[in-house]
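Structure at a glance
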Amino acid sequence: MPAPKIDGRETRAIITPLELRSDEGDARTGFGYAALFDTWTDIGGMWRERIAPGAFAKSLQERDVLALHSHDSGRVIGRKDAGTLILREDTKGLYFENPLPDTSDGRDLIVQLGRGDVAGMSIGFLSLRSEWDESKQIVERTIFEAALFEITYTASPAYRDTEVALRSLERARDERREHDRAGASLRMAARRARQAQLERRI
């Protein structure tokens, strides 16, 4: 049973080559990228989005992160704080290494990664700082900081939970409208003050 979704959490997926490495003995380690930086991605035809380099830096220092199968918290494949999931940012994106456990999911992933059945990775995150650019024909969003909760092996990479980001876009629009209204009120007050000064001089 998937874990309840935390309000505001979003998921994004990428199709990226995943590899399997043989370690000492019979151990296997999955590795690759769970997210790519500065790569524009179409989000369901609603906007384009990219993740800025360094977006996960603070989160990787402060938070535990799970490696899951199919976003299911009951199917844990690795954990950062346990040392069974290594995560780091480089110039390309969010790199991971995950020694696969001797469990049914771990053994299945060894076969699935080897066969190419698992097509990509997904991340679960909470956007903490982002910017929307609505001046373009297609709205663009850049994520500058995010709290990372999970990376997920997925056979069907897809963009889910986009309604959360849509609410973020609406909030950004509301804030801009409020800012514009406040600015207009200030400009109107300044014009009235200038007009009153002129009238007093006449």
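A brief report on the enclosed structure follows. Numbering of residues starts from 1 in each chain and follows the order in which that chain's sequence is written. Thresholds applied to this predicted model are a pLDDT of at least 70 for local features of residues and 80 or more for the giving and counting of side-chain atom pairs; totals over whole chains, interfaces and linings are not thresholded and use all residues. The side-chain quantities take in all heavy atoms of the structure and omit both hydrogens and water.

Quick notes on the overall build of the protein
Helix and strand counts for the protein come out as 3 helices and 11 strands. Going from the N terminus to the C terminus, the protein shows its helices and strands as β-β-β-β-β-α-β-β-β-β-α-β-β-α. For the protein, the proportion of its 202 residues judged to be buried stands at 40%. Any two residues having at least one pair of non-hydrogen atoms within 4.5 Å are treated as being in contact. By sequence separation, contacts in the protein at least 24 residues apart represent 67% of the contacts at least 6 residues apart. Every accessible area reported is derived by Shrake-Rupley at a probe size of 1.4 Å, with residue values counting cover from the shown protein chains alone. Carbon and sulfur atoms make up 50% of the accessible area of the protein, which amounts to about 11600 Å² in all. Every helix listed is a DSSP run of H or I at least four residues long, and every strand listed is a run of E at least two residues long, numbered separately from the N terminus. Relative accessibility decides the category of a residue: with a 1.4 Å probe and only protein chains considered, values under 20% of the type maximum give buried, values over 50% give exposed, and everything between is partly exposed.

Here we look at the pattern of salt bridges
The term salt bridge refers to a pairing of a side-chain nitrogen on Lys or Arg with a carboxyl oxygen on Asp or Glu at a separation within 4 Å. A full pass over the atoms with the stated rule returns 14 salt bridges. Measuring nitrogen to oxygen at the nearest pair gives 3.6 Å for the salt bridge that ties Arg 9 to Glu 150. With Arg 9 in strand 1 (residues 9-14) and Glu 150 in strand 11 (residues 140-154), this residue pair connects regions lying 141 residues apart in the sequence. Residue classification places Glu 150 among the buried residues on the basis of a relative accessible area of 8%. One salt bridge in this structure joins Glu 10 and Arg 141, with 3.0 Å as the shortest N-O distance. On the criterion of sequence distance, the pair formed by Glu 10 in strand 1 and Arg 141 in strand 11 is long-range, its members being 131 residues apart.

Concerning the sheet that holds strand 9 (residues 93-99)
In space, the 4 strands of this open sheet follow the order 2-3-9-8, with antiparallel pairing throughout. Every interior strand has two partners, whereas the edge strands, strand 2 (19-22) and strand 8 (86-89), have only one. Neighbour-to-neighbour, the strand axes of the sheet open up by a mean angle of 20°, direction not taken into account. Bridging between strand 2 and strand 3 (residues 28-36) involves 4 bridges; their strand directions are antiparallel. Of the residues in strand 3, the one forming a bridge with Glu 19 is Phe 31. Pairing between two strands requires that DSSP report at least two bridges joining them. Simply put, an axis is a line fit to the C-alpha atoms, just over the touching stretch for a helix, and the angle between two N-to-C directions goes from 0 to 180 degrees.

Some words on the side chain of Arg 141
Judged by its relative accessible area of 0%, Arg 141 falls in the buried class. Residues adjacent in sequence count toward polar contacts only when both atoms are side-chain atoms; beyond that, a polar contact is any pair of N or O atoms within 3.5 Å, and within protein one must be able to donate a hydrogen and the other to accept it. For Arg 141, the side chain forms a polar contact with the side chain of Ser 127, separated by 3.4 Å.

Observations concerning the packing of aromatic side chains
Two rings belonging to Phe, Tyr or Trp (six-membered ring only in the last case) form a pair when the distance between their centres is within 6.5 Å. Interplanar angles under 30 degrees mark stacking, angles over 60 mark edge-to-face geometry, and anything in between is tilted. In total, this model carries 4 aromatic pairs according to the counting rule given. Judged by centre distance (5.5 Å) and plane angle (70°), the rings of Tyr 33 and Tyr 95 are edge-to-face. Remark: Tyr 95 occurs in strand 9 and Tyr 33 occurs in strand 3; sequence separation between them is 62 residues. Take Tyr 33: its relative accessible area is 14%, and that puts it in the buried class. Ring centres of Phe 96 and Tyr 153 lie 6.0 Å apart, and the angle between their planes is 90°; on these two criteria the pair is classed as edge-to-face. Within this pair, whereas Phe 96 is found in strand 9, its partner Tyr 153 is found in strand 11, the two being separated by 57 residues in sequence. Lysine and arginine charges are scored as sitting over a ring when NZ or CZ, respectively, is within 6 Å of the ring centre and within 35 degrees of the ring normal. Above the ring of Phe 149, the side-chain terminus of Arg 9 is found at 3.9 Å from the ring centroid. Over the face of the ring belonging to Phe 31 we find Arg 21, whose NZ or CZ atom lies 5.0 Å from the ring centre.

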